Amino acid sequence: MVTIDGPGGAGKGTVAAGLARRLGWHWLDSGSLYRALGWLAAREKLFEAPDETLADLASRINVVPAGPDTHVTADGQDIREWLREEKAGEWASQIAVRPQVRKQLLPLQQACRIPPGLITDGRDMGTVVFPDAVLKVYLTASPKSRAERRLKQLNALGVHGNLTDLTREIAARDERDRTRALSPLSPAPDAWVIDSTHLSAEQVIEQIWEAGRCFF
Ligand code: DC
């Protein structure tokens, strides 16, 4: 079990999927759960709904790790294509502050810990969801390089983006994720902090691979 937490755009997803591929393990992209719920809440105009209503909504989301991929569904439908845009990340961050939502999504994530092993990325994987993980990484990078990476990812998906807007949106999302009362973004005390500003995803994977050799 390896956890990779950190702010948006630090390369967590690319590193986690790459490691899962190398190890033949599964990948849980926990952000996709919050994105799915944010998307559903936006579609059904339930953003202001009470916690209990949102928890009911969360029960319609499911997630299945599938090797170096995460299948997330809403009402049994594959909705991944709706979750990539920056707007989905923003909705996810807003919905993620709600305690009942986090409570409802917790067992779903923990159930993904299946053989032969799980690599997971998010904000609270090492601190709350899998506190007993053998290797915990906190992956960060400068705000500028995170915004540039995010822009590249969006462009590769054919989604439009603008560096100034992205930088602002990432900063606002970081602030919300760091300051929320429950499960805020923060390195676990036993996490290994890696700054990827000047590292490629491959270099980060190599570092984790070397450090984790005795566990894998
Ligand atoms: O990793 P991401 O950008 O897909 O995550 C989108 C948002 O979901 C993020 O800004 C906060 C929330 N999130 C969370 O609160 N806890 C997680 N473990 C993963 C994501």
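Everything quoted here is computed from the prediction, not taken from an experiment. (Residues numbered from 1 in each chain as written. Predicted model: local features only at pLDDT ≥ 70, side-chain atom pairs only at ≥ 80, totals over all residues. Heavy atoms only, no water.)

## A look at the packing of helix H3 (residues 51-58) against helix H5 (residues 99-110)
Helix-helix packing is characterised by the crossing angle of the two axes and by the distance between the axes. H5 packs onto H3 with a crossing angle of 25 degrees between their chain directions and a minimal axis gap of 8 Å. In terms of orientation, H3 lies roughly parallel with respect to H5. Regarding H3 and H5, the two cross each other, and that crossing is right-handed. Between H3 and H5, the contacting residues are Asp51, Leu54, Ala55 and Ala58 on the first element and Pro99, Gln100, Val101, Gln104 and Leu105 on the second. Among the residues making up the contact of H3 with H5, the classes are represented as six nonpolar, two polar and one charged. (Axes fitted to C-alpha atoms, helices over the stretch in contact; angles between N-to-C directions. Helix = DSSP H or I, 4+ residues; strand = E, 2+ residues; numbered from the N terminus. Parallel < 35°, antiparallel > 145°, perpendicular 65-115°, else oblique. Left-handed = near helix turned anticlockwise from the far one by under 90°. Contact = heavy atoms within 4.5 Å. Nonpolar A, V, L, I, M, F, W, Y, C, P; charged D, E, K, R; others polar.)

## Description of the site of the ligand
In the vicinity of the ligand lie 16 residues, with Arg35, Arg102, Arg173, Asp177 and Arg180 positioned nearest. At 2.6 Å from an oxygen atom of the ligand is found a side-chain nitrogen or oxygen belonging to Arg35. Within the side chain of Asp177, an N or O atom sits 2.7 Å from an oxygen atom of the ligand. Taken by itself the ligand offers 450 Å² of open surface, and the protein chains cover 96% of this. Of the pockets mapped on this structure, the ligand occupies the largest pocket. Elements with a contribution of two residues or more to the shell around the ligand: helix H2 (30-43), helix H4 (86-95) and helix H8 (163-179). Here the element with the most residues in the shell around the ligand is H2; it accounts for four residues. For the shell around the ligand, the residue count by class is four nonpolar, four polar and eight charged. (Near = heavy atom within 4 Å. Polar contact = N/O pair within 3.5 Å; in protein donor to acceptor, adjacent residues only side chain to side chain. Areas by Shrake-Rupley, 256 points an atom, 1.4 Å probe, with all protein chains shown as cover. 1 Å grid on protein atoms, 1.4 Å probe; cavity = no way out; pocket = protein on both sides within 12 Å on 5 of 7 lines; lining within 4 Å. Sits in = over half its atoms within 2 Å of the grid points.)

## Focus: the packing of aromatic side chains
All told, the structure shown has three aromatic pairs when counted by the stated rule. Between the aromatic rings of Trp25 and Phe216, the centroid separation amounts to 5.6 Å while the plane-to-plane angle is 85 degrees, which identifies the pairing as edge-to-face. A residue pair is termed long-range when its members are at least 10 positions apart, and Trp25 in the loop between helix H1 (12-23) and strand S2 (26-29) and Phe216 in the segment after helix H9 (201-212) qualify at 191 residues. By relative accessible area, Trp25 is classed as buried at 10%. Relative to Trp82, the ring of Trp39 lies with its centre 6.4 Å away and its plane at 20 degrees, an arrangement referred to as stacked. Residue Trp39 is found in helix H2, and its partner Trp82 is found in the loop between strand S5 (77-78) and H4; the two are separated by 43 residues along the sequence. You can call Trp82 partly exposed: its relative accessible area is 48%. Taken together, the aromatic side chains of Trp25, Trp209 and Phe216 make up a single cluster linked through ring pairs. (Phe/Tyr/Trp six-rings, centres within 6.5 Å; stacked < 30°, edge-to-face > 60°. Buried < 20%, exposed > 50% of the residue type's maximum accessible area, 1.4 Å probe, protein only.)

## What to know about H1
Between its first and last C-alpha, H1 extends 16 Å over 12 residues, near the 16 Å set by a 1.5 Å rise per residue. The complete set of buried residues in H1 reads Lys12, Val15, Ala16, Ala17, Gly18, Leu19, Ala20 and Leu23. On the buried face of H1, the contacting elements are strand S1 (2-5), S2, strand S6 (118-122), strand S7 (135-140) and H9. Looking one or two residues past H1, Gly24 carries a phi angle of roughly 75 degrees, positive in sign. (Expected span 1.5 Å × (residues − 1).)

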